[in-house]
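Tertiary structure, described
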Amino acid sequence: MAVWDDLVGQSQVEEQLAAAARDADAFVTAQETGGPAPEASKMTHAWLFTGPPGAGRVDAARAFAAALQCVSPDRALGGAPGCGFCTGCHTTLVGTHADVTTVSAVGTEILARDMRDTVRKSFTAPANGRWQVILVTDAERLNEKSGNGVLKAVEEPAPRTVWLICAPSLDDVLPTIRSRCRHLSLRTPSVEAVADVLVRRDGIEPGTALAAARAAQGNIGRARRLATDERARARRAVVLKLPLRVADIGGCLKAAQELIDTAAEDAKQVAEEIDTKETEELKAALGAVQGGRMPRGTAGMMKELEEKQKRRGRRTQLDTLDLALTDLTGFYRDVLALQLRSRAPLANEDVRDSLETIARDTAPELTLRRIEAVLACRRALGRNVAPLLAVEAMTMALR
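Criteria and cut-off values
- Residues numbered from 1 in each chain as written.
- Predicted model: local features only at pLDDT ≥ 70, side-chain atom pairs only at ≥ 80, totals over all residues.
- Heavy atoms only, no water.
- Helix = DSSP H or I, 4+ residues; strand = E, 2+ residues; numbered from the N terminus.
- Rg over C-alpha atoms; globule rule 2.2 N^0.38 Å.
- Buried < 20%, exposed > 50% of the residue type's maximum accessible area, 1.4 Å probe, protein only.
- Contact = heavy atoms within 4.5 Å.
- Areas by Shrake-Rupley, 256 points an atom, 1.4 Å probe, with all protein chains shown as cover.
- Lys, Arg positive; Asp, Glu negative; His and termini not counted.
- Charge placed at Lys NZ, Arg CZ, Asp CG, Glu CD.
- Pairing = 2+ DSSP bridges.
- Right-handed = clockwise from strand over helix to strand, strands pointing away.
- Expected span 1.5 Å × (residues − 1).
- Patch = residues over 30% accessible without salt bridge, like charges linked within 9 Å, V, L, I, M, F, W, Y side chains within 5 Å.
- Salt bridge = Lys/Arg side-chain N within 4 Å of Asp/Glu carboxyl O.
- Core = buried A, V, L, I, M, F, W, Y, C linked by side-chain atoms within 4.5 Å.
- Axes fitted to C-alpha atoms, helices over the stretch in contact; angles between N-to-C directions.
- Parallel < 35°, antiparallel > 145°, perpendicular 65-115°, else oblique.
- Left-handed = near helix turned anticlockwise from the far one by under 90°.
- Nonpolar A, V, L, I, M, F, W, Y, C, P; charged D, E, K, R; others polar.
- pLDDT = per-residue confidence, 0-100.
- Phe/Tyr/Trp six-rings, centres within 6.5 Å; stacked < 30°, edge-to-face > 60°.
- Lys NZ or Arg CZ within 6 Å of the ring centre and 35° of its normal.

**Considering the overall build of the protein**
Regarding its fold elements, the protein presents 15 helices and five strands. Its C-alpha atoms give the protein a radius of gyration of 24 Å, within 12% of the compact-globule value 21 Å for 399 residues. The principal-axis extent of the C-alpha atoms belonging to the protein is close to 75 × 60 × 40 Å. A buried classification covers 46% of the 399 residues belonging to the protein. Considering only contacts in the protein between residues 6 or more positions apart, those separated by 24 or more positions represent 71%. In the structure as shown, the protein presents an accessible area of about 20,100 Å², 52% of it carried by carbon and sulfur atoms. Charge-centre separation for the protein: the mean point of 54 positive side chains lies 3 Å from the mean point of 53 negative side chains.

Structural data, given as structure tokens:
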């Protein structure tokens, strides 16, 4: 399976990245053998991947990183880099390659201290891979200081260092950074393409796959969770009942609190799965003695880990809320489609009765105002407004 197989509906992007990977491979081979370098190259030192949620921008960047690190012997016979099976491809895809560094936001921002070691590493030669690859998955969360660190590294890159920067849109990245990157824009894959992937790769029943892909509005990661995770389906069901529960002030406040509680429970589940493992691994690395007692001088490291876990927990809660608001926006979009007698397929066909009830009892103008209320809530959360306050304001506006 080639590294590009996870890119759904992105054939043009795949072609550009595959061509760049071939030129990058020729460049490194020429350096290692002393041969002539390629006269022209589609490769560059910094790439910017943009696209809506679910378009696969991080998947595209990681696939490209794997192709850059590919060491398959087939390359010498004219094969394209990115076999998906060699050590370079495999370790990159699973996140263990020594020369591929991934930077993700732990909290709401990527702090300068989180980028310091990575920026320093970007100026070094690869240890055992073909390229030094820095993958930034949440460039929209770079603050001023961390963004300036990235800018300096992108302005003066090492000869065999590549920056792969991912963000929802060009406007989410500093102009000084995006002007130094080659831009690739990804689009949301079709519902049919996502359903086909779920059937072929995950063995999901076709009807279930199509329903999940339609509900996820083309977001393949979200569709896979809906098709395979009962808890994800339960959380979505809670969200889609909210429009019928905001008839009075009491219902609005209760619905808001339940939405917050659901997000908090989801964040807690993630924390239980990740935090315990991280804590135990750090204790073992620091030499914890039997009984859990830590050696002297390690309290600061444990406190730093706890702070990191708290920041990640808050971000997980906000991400879960944002996902719920996306589902709510899709609900009202379907209502508007029914009111305007649109032929567009409904994303939430499984709750068609609720959609028809609200569409029949309200006007399109009210539906548009409700969509704007949901979007205003998302903007408020992005400005660090208290989640409960932002969601309560939204449910009152939906009433």
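Continuing now.
**Some details on the pairing of strand 4 (residues 161-167)**
Within strand 4, seven of the seven residues are buried, leaving the element largely enclosed by the surrounding structure. Burial along strand 4 is two-sided: the face carrying T161, W163, I165 and A167 and the face carrying V162, L164 and C166 are both buried. Bridge analysis of strand 1 (residues 46-50) against strand 4 gives five bridges, and the strand direction is parallel. Along strand 4, the bridge assignment pairs T50 with A167. Pairing analysis gives five bridges linking strand 3 (residues 132-136) to strand 4, with the strands arranged parallel. Across the sheet, I134 pairs through a bridge with W163, a residue of strand 4. After leaving strand 3, the chain enters helix 5 (residues 144-155) and then returns to the sheet as strand 4, a path that is right-handed.

**Some details on helix 1 (residues 11-33)**
With 23 residues, helix 1 extends 33 Å from end C-alpha to end C-alpha; this agrees with the ideal 33 Å at 1.5 Å per step. After helix 1 finishes, the residue G34 shows a positive phi value of roughly 80°.

**Structural notes on a nonpolar patch on the surface**
Together, I249, L253 and M396 give the surface a local cluster of nonpolar side chains, amounting to about 230 Å² of exposed area. Mapped onto the elements of the fold, M396 is located in helix 15 (residues 387-398). Exposure remark for M396: the relative accessible area of 32% places this residue in the partly exposed category.

**Details of the nonpolar core**
The biggest cluster of nonpolar side chains holds 35 residues, and the ones touching the most others in it are W4, L17, M43, W47, F49, F64 and L164. Elements that contribute at least two residues to this core include exactly helix 1, strand 1, helix 2 (57-69), strand 3 and strand 4. For this core, the element with the most residues is helix 2, which contributes eight residues. Apart from the residues lying within four places of it in its own chain, the contact partners of F64 are W4, L17, A20, A21, M43, W47, F49 and L164. Ranked by size, the runner-up nonpolar core spans 34 residues in total, among them L321, L328, A359 and A390.

**Considerations on the packing of helix 2 against helix 3 (residues 87-94)**
If you want to describe how two helices pack, look at the angle between their axes and the distance between the axes. Where helix 2 meets helix 3, the axes come as close as 7 Å, and the angle between the chain directions of the two elements is 155°. One finds that helix 2 runs roughly antiparallel with respect to helix 3. As for the relative orientation of helix 2 and helix 3, their crossing is right-handed in sense. Mapping the contact onto sequence places R62, A65, A66 and Q69 in helix 2 and G88, C89, T92 and L93 in helix 3. Grouping the constituent residues of the contact of helix 2 with helix 3 by class yields four nonpolar, three polar and one charged.

**Here's the deal with the confidence of the model for the protein**
With 94% of its residues at a pLDDT of 70 or more, the protein has an overall mean of 87. The spread of mean pLDDT over the elements of the protein runs between helix 11 (residues 249-286), the lowest at 79, and strand 1, the highest at 96.

**Quick notes on the sheet that holds strand 3**
Spatially, 2-3-4-1-5 is the arrangement adopted by the five strands of the open sheet, whose pairing is parallel. Two strands close off the open sheet at either side, each with one partner strand: strand 2 (100-103) and strand 5 (182-185). Going from strand to strand, the sheet's axes swing by 15° on average, the running direction of each strand aside. The sheet strands contacting helix 1 are strand 1 and strand 5, and the helix crosses strand 5 at an angle near 145°.

**A word on the environment of R236**
Considering the arrangement of structural elements, one finds R236 in helix 10 (residues 230-241). As for R236 and D327, which are separated by 91 residues in sequence, their C-alpha atoms are 7.3 Å apart. Those residues in contact with R236, other than ones at most four positions away along the chain, are A215, R222, L226, D327, A347, N348 and D350.

**Details of the environment of A60**
Within the secondary structure, A60 sits in helix 2. Spatially, the C-alpha atom of A60 lies 9.6 Å from that of V8, the residues being 52 residues apart in sequence. Those residues in contact with A60 that sit more than four places away from it in its chain are L7, L17, F49 and L186.

**Notes on the packing of aromatic side chains**
By the definition in use, this model includes three aromatic pairs. Ring geometry for F331 versus Y332: centroids 5.5 Å apart, planes at 85°, classification edge-to-face. Taking relative accessible area as the criterion, Y332 reaches 0% and is therefore assigned buried. Directly above the ring of W47 sits R182, whose terminal nitrogen or CZ lies 5.1 Å from the centroid.

**Considering the pattern of salt bridges**
Working definition: two side chains of opposite charge can pair if their charged atoms are close together. Under the defined criterion, the tally for this structure stands at 20 salt bridges. For R130, the salt bridge identified is with D25, shortest N-O distance 2.9 Å. Here R130 is found in the loop between helix 4 (112-122) and strand 3, whereas its partner D25 is found in helix 1, with 105 residues between them in sequence. In terms of burial, R130 and D25 fall into one category: buried. Between D361 and R360 there is a salt bridge whose closest N-O contact spans 4.0 Å.

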